[in-house]
Amino acid sequence: MSYGTADSLRPVTLDDVRGAQKMLSGVARTTAMEGSRYLSRLIGAPVHLKCENLQRTGSFKLRGAYVRISGLLPEERAAGVVAASAGNHAQGVALASSLLGVRATVFMPRGAPLPKISATRGYGAEVRLHGQVVDETLAAAQEYAARTGAVFIHPFDHPDVIAGQGTVGLEILEQCPEVRTIVVGIGGGGLAAGIAVAVKALRPDVRIVGVQAAGAAAYPPSLAAGYPVAVSAPATMADGIKVGRPGDVPFGIVADLVDEVRTVSEDELSTALLLCLERAKLVVEPAGASPVAALLSDPGAFEGPVVAVLSGGNVDPVLMQRVLLHGMAAQGRCLTVSVRLTDRPGALATLLGVLTVVDANVLDVSHVRTDPRLGLTEAEVELHLETKGPEHCREVGRALHEAGYTVVG
């Protein structure tokens, strides 16, 4: 394998991926493959979860970063490396550099979650906070590379990175040789491209399905156009696949070898993350849950056995709380209603009595008395309820209506 920067557009081959696998021996874990009875019943065929959320640093990113950095020339290693990332790539570069004895500088957005910043520093990298969005951070890292001579380690747009990520595909074939469909999240495309190179070379009959968040789906228009197209203002909770433009190198591979690219909604991502936590007992970030979201959204579209790649588990606790509540709401297990009532002693107790009868658990209550929409003797009460599903939500609404309450939200 050649690792110089001049060959950054060279093809990625099965031999490259096999070479990367040897290089990663003793460095990256061969992550577990867990069966999912719930998803298997839903699909009507075996479904397995490839747990890259349990990889060192909490995602697959270590694989590509280590292969890329280990292939640098001695003078390049001496100059150090630089990367830009909001989380997973940052940690992968930090640990890979530490293992290889290379100085690493990682630029992260000012709003990056504190646990990810702390983890990146803990793996040995110097962290510099710059910009509010990843594009600004990326520009700062590239300027730093040009000024200092440090080697910029791209998160997905380099053959060595793709070869490293492709080792996930080799493991899937070893752990589940009967696999018929592999479902994997796509941001810039490095992981999907690497898996496709490895799997299609050995098992061209295996169908590979990529998944993007609907609010950051650059691949569908790019594939339609035949070249990478940028989407403006990508927006999704799944920051691991929140990429505005496909990488040049992975795009060509995805266009040739990935059979289909699907999109999923934010509600579907939330529901999938909740399912991974409750049913599989696995902590997965929204990007890592995207393949599960695709299975849930259209279970009849996937021939089994299916392997869903859980690409990462680095989720900020604050985001996790919000996403879980969002997922519960999407399943009808969490309901927020605003009720207008007469502001008098005992009115709240009477309202809560109605909810008790229909077995709705009150999580939180807040009052509004000064809104100009309200009459002098009125108050508005916002209730956050734990419910048992969509039908129970409808039952709560009927009970409030029949008790004479005005539900305003």
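The structure presented is a predicted model; accordingly, all values stated were derived computationally and were not measured.

Reading across the sheet, the six strands line up as E1-E2-E10-E7-E8-E9 and stay open at both edges, with mixed pairing between neighbours. The sheet is open, and its two edges are formed by strand E1 (33–35) and strand E9 (260–264), each paired on a single side. On average, each strand axis in the sheet is tilted by 25° relative to the strand beside it, whichever way the strands run. Inspection of the sheet shows E1 paired to strand E2 (residues 47–51) by three bridges, in the antiparallel sense. Bridge assignment links Glu34 to a residue of E2, and that residue is Leu49. Sitting on the sheet, helix H13 (residues 290–297) is in contact with E2, strand E7 (181–185), strand E8 (207–213), E9 and strand E10 (306–310), with an inclination near 125° to E7.

For E7, the tally of buried residues reaches five of five residues, placing the bulk of the element in the interior. In this structure, E7 lies alongside E10, joined through three bridges in parallel fashion. Residue pairing across strands places Val183 opposite Ala308, the latter belonging to E10.

This brings us to the sheet that holds strand E13 (residues 378–386). With antiparallel pairing, the four strands of this open sheet are ordered in space as E12-E13-E11-E14. Only two strands of the sheet have a single neighbouring strand rather than two, namely strand E12 (361–368) and strand E14 (406–407). Of the pairings in the sheet, the one linking strand E11 (residues 334–342) to E14 comprises two bridges and is antiparallel in character. Bridge pairing in E14 links Val339 to Val407. The strands touched by helix H15 (residues 347–357) are E11, E12 and E13; relative to E13, the strand with the most contacts, the crossing angle is about 30°. Contacts from helix H16 (residues 390–402) reach E11, E13 and E14, with the element oriented near 5° to E11.

Before going further, it helps to examine helix H9 (residues 190–202). When the terminal C-alpha atoms of H9 are compared, their 19 Å separation across 13 residues agrees well with the 18 Å that a helix rising 1.5 Å per residue should span. With respect to burial, H9 is a largely interior element, 11 of its 13 residues being buried. Considered for burial, the residues of H9 that qualify are Gly190, Leu191, Ala192, Ala193, Gly194, Ile195, Ala196, Val197, Ala198, Val199 and Lys200. Next to the buried residues of H9 lie helix H1 (14–24), helix H8 (159–175), E7, E8, helix H11 (248–257) and E10.

With respect to the helices, strands and loops of the structure, Ala233 is situated in the loop between helix H10 (219–225) and H11. Looking at Ala233, the relative accessible area reads 67%, which means it is exposed.

This next bit is on helix H5 (residues 88–100). Over its 13 residues, H5 extends 18 Å from the first C-alpha to the last, a length consistent with the 18 Å expected when each residue adds 1.5 Å. Burial runs high along H5: 11 of the 13 residues are buried. Among all positions in H5, only Asn88, His89, Ala90, Gln91, Gly92, Val93, Ala94, Leu95, Ala96, Ser97 and Leu100 are buried. Within two residues after H5, Gly101 carries a phi angle of roughly 70°, on the positive side.

The next point concerns the side chain of Ser311. Tracing the backbone shows Ser311 in the loop between E10 and helix H14 (317–330). Here Ser311 is in contact with Glu52, Asn53, Gly58, Ser59, Phe60, Leu191, Ala287 and Gly288, once residues within four sequence places are set aside.

Here we take up a positive patch on the surface. A cluster of like positive charges, contributed by Arg37, Arg41, Arg279 and Lys281, occupies part of the molecular surface. Relative to the helices and strands, Arg41 is located in helix H2 (residues 37–43).

Cut-off values and rules
- Residues numbered from 1 in each chain as written.
- Predicted model: local features only at pLDDT ≥ 70, side-chain atom pairs only at ≥ 80, totals over all residues.
- Heavy atoms only, no water.
- Pairing = 2+ DSSP bridges.
- Helix = DSSP H or I, 4+ residues; strand = E, 2+ residues; numbered from the N terminus.
- Axes fitted to C-alpha atoms, helices over the stretch in contact; angles between N-to-C directions.
- Contact = heavy atoms within 4.5 Å.
- Buried < 20%, exposed > 50% of the residue type's maximum accessible area, 1.4 Å probe, protein only.
- Expected span 1.5 Å × (residues − 1).
- Patch = residues over 30% accessible without salt bridge, like charges linked within 9 Å, V, L, I, M, F, W, Y side chains within 5 Å.
- Areas by Shrake-Rupley, 256 points an atom, 1.4 Å probe, with all protein chains shown as cover.
- Salt bridge = Lys/Arg side-chain N within 4 Å of Asp/Glu carboxyl O.
- Lys, Arg positive; Asp, Glu negative; His and termini not counted.
- Charge placed at Lys NZ, Arg CZ, Asp CG, Glu CD.

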